[in-house]
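# Summary of structural features
Okay, here's what each chain looks like letter by letter:
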Amino acid sequence: MPERACTLLIRLTLLLLLGLLGACASSGVVTRDSVPQGESAEQLVEAGKLEEAAAEFLRLAETGSRADSAHYSLRAGETLRENGDYAGAQRAIADIRRKRLAGEDLVRFDLLDAEIALNAGDADRASALLAMPTDGLSPPLLARLLELQARAADANQDHFAAVRIRASLDALLAGADRDINRRQILEVLTKLDPDSLKAKAMSLRPDDALQPWIEYALRQRGQMLARDLPRPQRPVGTLLPDSGQGDRREGYGEVGQVAVLLPLTGQVAGVAHSILDGIFAAHFADAGAERPLLRVYDAGQTPQDAVAAYQKAVAEGARLVVGPLLREAVGELFRQQLPVRVLALNHPDSGEIPPSGSAEFALLPDAEGAQAAERMLALGIRQAAVIAATTDWAERASLAFRAQFEAGGGSIAGESRIADKDFNFKSAIAQAAGNFATRDIINNDPTIASQTAPPVPDTGVFISMRPQQARLLLPQLKLARVTSPVFATSHVNAGGSNPGADRDLQGVEFCDAAWLFAPVAGRPDRETMARNLGTAAGLGGRLFAFGMDAYALLPYLDWLLAHPDAYLDGASGQLAVDNFGRVHRLLSWARFSDGIAQPVQGALSPLPLQ
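Further remarks concern the layout of surface pockets. Reported here for the largest pocket is a volume of approximately 1200 Å³. In terms of lining residues, the largest pocket is bounded by 44 residues, among which Glu215, Leu225, Ala226, Arg227 and Asp228 are the most central. Those elements that place two or more of their residues in the lining of the largest pocket are α11 (194–203), α12 (211–220), α16 (365–378), α17 (392–407) and β14 (582–586). Broken down by element, the lining of the largest pocket gets its largest block of residues, seven residues, from α17.

Where helix α8 (residues 139–155) contacts helix α9 (residues 159–170), the axes come no closer than 7 Å and their chain directions differ by 165°. For the element pair α8 / α9, the angle class is roughly antiparallel. As α8 runs across α9, the sense of the crossing is left-handed. For the pair α8 and α9, the contacting residues are Ala143, Leu146, Glu147, Gln149, Ala150, Arg151, Ala153 and Asp154 in the first and His159, Ala161, Ala162, Ile165, Arg166, Ser168 and Leu169 in the second. The residue inventory of the contact of α8 with α9, partitioned by class, reads eight nonpolar, three polar and four charged.

Before going further, it helps to examine the pattern of salt bridges. Throughout the structure, instances matching the rule amount to 36 salt bridges. Across the salt bridge formed by Asp105 and Arg108, the nearest N and O atoms sit 2.9 Å from each other. With Asp105 and Arg108 both in helix α6 (residues 104–119) and three residues apart, the pair spans about one turn of that helix. Among the ionic pairs, Glu509 bridges to Arg375, the shortest N-O distance being 2.4 Å. A residue pair is termed long-range when its members are at least 10 positions apart, and Glu509 in strand β11 (residues 509–512) and Arg375 in helix α16 qualify at 134 residues. Sharing partners across several salt bridges, the network here consists of Glu42, Arg75, Glu78, Asp105 and Arg108.

The subject of this paragraph is α6. Compared with the 22 Å implied by 1.5 Å per residue over 16 residues, the 22 Å span of α6 between its first and last C-alpha is a close match. Taking burial as the measure, the 16 residues of α6 include 13 buried ones, the bulk of the element. Positive phi shows up at Gly121, right after α6, with a value of about 85°.

This paragraph deals with empty space enclosed by the protein. The full count for this structure, using the stated rule, is two cavities of 30 Å³ or more. Of the voids in this model, the largest cavity is the one considered here, and its volume is about 40 Å³. Forming the walls of the largest cavity are Pro212, Glu215, Tyr216, Arg219, His347, Gly351, Glu352, Ile353 and Arg582. Per-element accounting of the lining of the largest cavity gives the leading share, four residues, to α12.

Cut-offs used in this document
Residues numbered from 1 in each chain as written. Predicted model: local features only at pLDDT ≥ 70, side-chain atom pairs only at ≥ 80, totals over all residues. Heavy atoms only, no water. 1 Å grid on protein atoms, 1.4 Å probe; cavity = no way out; pocket = protein on both sides within 12 Å on 5 of 7 lines; lining within 4 Å. Points joined across faces, edges and corners; volume = space filled by probe spheres on them. Helix = DSSP H or I, 4+ residues; strand = E, 2+ residues; numbered from the N terminus. Axes fitted to C-alpha atoms, helices over the stretch in contact; angles between N-to-C directions. Parallel < 35°, antiparallel > 145°, perpendicular 65-115°, else oblique. Left-handed = near helix turned anticlockwise from the far one by under 90°. Contact = heavy atoms within 4.5 Å. Nonpolar A, V, L, I, M, F, W, Y, C, P; charged D, E, K, R; others polar. Salt bridge = Lys/Arg side-chain N within 4 Å of Asp/Glu carboxyl O. Expected span 1.5 Å × (residues − 1). Buried < 20%, exposed > 50% of the residue type's maximum accessible area, 1.4 Å probe, protein only.

Here it is in structure tokens:
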């Protein structure tokens, strides 16, 4: 048996037995577990003296009644199994007649028998023993049943059944047990090739519990799934008919005291302060009478610091926690038992999904790559070249673009990567888009990108890079006679007005936060904020908008979690929450014209709902 699986089963068995002992001690009913002659054996189990305990249980089995004999033989078998002695466990239960067992003893007998069969390599017999109803089982028994069912399915090469069972088991576990189970999920998924994983994901419902695990397993291999982009239909916050209680808005809920956990010192302190200022700007602009009380905590530099800050905030009365920001800290917090729900400000890279009632909100490059693919497909573009920087975020955006574009029927003509030190992109352009220059491009006119409503060819270029690289790339694309329209993630936008430098980005269309280009209802004016707060200017503007939206989500979070068809009009996009508690941003589109980023006509809101 794999060491982790063995460790998890031992822990589950101990949890089950401790629960049974606790129940006996706290009740006034005398059961076979609480009769005096069994107490010494159970005490030996608690002390870790398993061989002595098993011997005592076997002695009691020899001297007790038939019913007591069956019970103590079972306890001897369970104890020997905990000690790793499967042969001894099999001998201990060999003479037990099932009809002499009742209630949970009967279930535990079948579980032990099934585990012995699994250890002997007889997965078929184990599966037959484990095919039992789950109604009425205690959580520890249910957890042990699911663990064994997953092992049996994996032994029978039914890997997807194994991970599906483990995904259900995940909700019953905590701490180290849950970590072991999650490692088992990923180990099973790594046995499957990426194409099988993608095919399985396509056959699942978008809200299937397996989806996040398949996504994570593919990311570990440098691949991604196409996203099921939300299509929200109704806004939250609409005024409800007068009920005599004043203005009431649909979905609004009073929040109370809110803790904001951000790393206020260290390498990302500048990012954190832009987000924090956005949160407070939205707070002071909030005209509601029930504004939450905000308290700020330094989340520190490590995941442990963030967990300690969370615990302190809860102890001091927080009813909702915003943060942390660092991906490792979010993952660590999601692995804890959370008495107070969380709106995390990043997506963990470790595969965790938010605990029930909590959510995650992040500026994800892969989300932007997927939406760029959707926009190009909606405009009739069916062939794309991909040119990206060599950074992690650029790679994630490119992978997401490819997955979404190909899933929508598009094809990738070529891909290339450019490093920060590069300035001659001739080979990169030839590798990604060389064949575009030889095709008959519709309206092959260098000024096409500056027209108000240019015809769109069936080819396009997707880029994921900073402005400095893009300003070098665009003129070289023209020299290479690549006149296909260019689409980009928000990273191409420096966030400030620099017409002289940005004229080289003429015609580039990119997705970004609506607040950077036009007023957003209920949010302070962007130009005013940028003049008065350095954290809202330049690249900080996007983070500032993100902070405002984090605040705006708070009173509507419960409603959005329960209503995936609803959305909140935010400064960073339309915000909708999926069944896994992940906040999706549906972005707006802008285009550089004469060095100025301007909203694309009809694209301040995301693409029309389908």
